[in-house]
Amino acid sequence: MALFAHGFRPFFLMAGLVAPTAIGVWALTLAGFSLPEGPLPPMRWHAHEALGGFVAAAMIGFLMTAIPNWTGRRGYSGAPLVALATVFLAARFAMLPGSPVPIEVAALLALAPLPATLLLVLPALLKAKAPRLFGPPALVLVFWSGQLMMLADEAGWWTTPGWAAGQLLMANVALLLVVLIGGRIVPSFTLNALRKTSRPAEAQPLPGVDRGAILAVAAVAVVDLAAPGGILAGLAAVFAAAMVALRLSRWHGLRTLRWPILWVLHLAYALIPLALAVKATSLLAGAHWASGWLHLQMAGAVALMVVAVMTRATLGHTGNALVAAPAAVAAYVLLLAAALLRVFGSAALADPLAAQMAAAVLWVLAFLLFLAAYAPMLVLPRADGKPG
């Protein structure tokens, strides 16, 4: 089956399915619908599935695609991929509201896919003998440790560090991965495109800024784990926002406006310093309007970068031209609007619930458009007839 011919296929598809489900079902509860009791309370289920479902699926799809490219091995396919996808899907059903699976069992299922992925790719990493390749998998393991904190708290295995610490760790590691991986692909793809024009451009790095931006966002994660919600966390966010914005300013983003497949990468990266700045405003100034900063970080920067990478990778690895379909461009815009409305609309409008509901509708529509455009590519054989 083409669906299991390459690692990105089932997991990008499941990411596109989990994202609207996690938000859409939660929006129903906000509208007054009562959900059946499941392993997690509705709000915690919504938070867990956004991180441990949607983001985790995208991470697995990325690792299963990138590591063959990094190591020169064949792509992951067949029985191991089917087994991994089955475990991931079983975890999603076990966690659903109304599921009769006890939280202790559902938690074990939900915790299984990321370690299983890392074990699957470990032989290729060891054979490559390149220590730098272990960076993203190591961060995925830290991301998983945040999931472990969340589910251990709910299952009663331990309560400290608990749900809140684990959720924040997962969100911050996801952001760090966006900073790290986006910092490689965004300028690379941009310069490659500009070199084919009449006005080619070259990289304009500033000494220490690239590494400094990565370290600054890593420091945000460490401070939030050790001393969340305080002045130190706010100052760390300020510094990280400045460093990431300075790094982004060197990448010729304004020259990509003719290519949606490129400008969405710059837009997603620009949401990182914006989210960090809003976070700093909330922590240092106590501004009520900035209290939704975590949604700007996750529904904005992380989600938009995930969709940007999934659309580009799907096109490239299924033999299609690297041109964003109109449905994909609409999805980019709707995702941005959903994130901004969720954060700023809830504070600016007289009815915050209406803003949240409208943001949820835009989010769901964005992923329905993504699925309409890209699900056929993920399920059907490559357009060029090649394997994979």
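Remember, it's a predicted structure, so these values are computed and weren't measured experimentally.

K.L.:
Teacher, can you tell me more about the packing of aromatic side chains here?
P.N.:
Each aromatic ring pair is characterised by the separation of its centres together with the angle its planes make. Applying the stated criterion to the full structure yields 10 aromatic pairs. Relative to Tyr332, the ring of Trp263 has its centre 6.1 Å away and its plane inclined at 75°; by these criteria the two rings are edge-to-face. You can see Trp263 sitting in helix α10 (residues 260-285) and its partner Tyr332 sitting in helix α12 (residues 326-348), a full 69 residues away along the chain. In this pair, the class of Trp263 matches that of Tyr332, namely buried. In textbook terms, an aromatic cluster arises when at least three aromatic residues are bridged by ring pairs, as seen for Phe54, Trp363 and Phe367. One Lys or Arg, Arg73, reaches over the ring of Tyr76 and ends 4.0 Å from the middle of that ring.

K.L.:
Looking at this model, I keep getting lost on helix α9 (residues 231-248). Mind explaining?
P.N.:
Residues lying three or four places apart along an α-helix face the same way, a consequence of the helix completing one turn every 3.6 residues. With 18 residues, α9 extends 26 Å between its outermost C-alpha atoms, agreeing within 8% with the 26 Å of an ideal straight helix rising 1.5 Å per residue. If you check which residues of α9 are buried, you get Ala233, Gly234, Ala236, Ala237, Ala240, Ala241, Met243, Val244, Arg247 and Leu248. Here the buried face of α9 lies against α7 (163-194), α8 (209-226) and α10.

K.L.:
How do you make sense of the pattern of salt bridges when you look at a structure like this?
P.N.:
Here the idea is simple: oppositely charged side chains can pair when their charged atoms come close. A complete count under the given rule lists six salt bridges for this structure. Two residues, Asp210 and Arg247, come together in a salt bridge whose shortest N-O distance is 3.1 Å. Residue Asp210 is located in helix α8, and its partner Arg247 is located in helix α9; the two are separated by 37 residues in the primary sequence. Residue class for Asp210 comes out partly exposed when judged on its relative accessible area of 31%. By relative accessible area, which is 5% here, Arg247 ends up buried. Put simply, Asp224 and Lys279 hold a salt bridge, and the shortest N to O gap is 2.4 Å. Pair noted here: Asp224 is in helix α8 and Lys279 is in helix α10, with a separation of 55 residues, a long-range link. Each member of the pair, Asp224 as well as Lys279, carries the same accessibility label: buried.

K.L.:
Would you take a moment to explain the packing of helix α5 (residues 113-128) against helix α6 (residues 135-155) for this structure?
P.N.:
Relative placement of two packed helices is described by the angle separating their axes and the distance separating the axes. At their nearest, the axes of α5 and α6 sit 11 Å apart, and the two run at 165° to each other. Viewed along their axes, α5 and α6 adopt a mutual orientation that is roughly antiparallel. Between α5 and α6 the crossing geometry is left-handed. Across the interface between the two elements, Leu114, Pro115, Leu118 and Leu125 of α5 pack against Pro137, Val140, Leu141, Phe143, Trp144 and Gln147 of α6. Among the residues making up the contact of α5 with α6, the classes are represented as nine nonpolar, one polar and no charged.

Rules used throughout
Residues numbered from 1 in each chain as written. Predicted model: local features only at pLDDT ≥ 70, side-chain atom pairs only at ≥ 80, totals over all residues. Heavy atoms only, no water. Phe/Tyr/Trp six-rings, centres within 6.5 Å; stacked < 30°, edge-to-face > 60°. Helix = DSSP H or I, 4+ residues; strand = E, 2+ residues; numbered from the N terminus. Buried < 20%, exposed > 50% of the residue type's maximum accessible area, 1.4 Å probe, protein only. Lys NZ or Arg CZ within 6 Å of the ring centre and 35° of its normal. Expected span 1.5 Å × (residues − 1). Contact = heavy atoms within 4.5 Å. Salt bridge = Lys/Arg side-chain N within 4 Å of Asp/Glu carboxyl O. Axes fitted to C-alpha atoms, helices over the stretch in contact; angles between N-to-C directions. Parallel < 35°, antiparallel > 145°, perpendicular 65-115°, else oblique. Left-handed = near helix turned anticlockwise from the far one by under 90°. Nonpolar A, V, L, I, M, F, W, Y, C, P; charged D, E, K, R; others polar.

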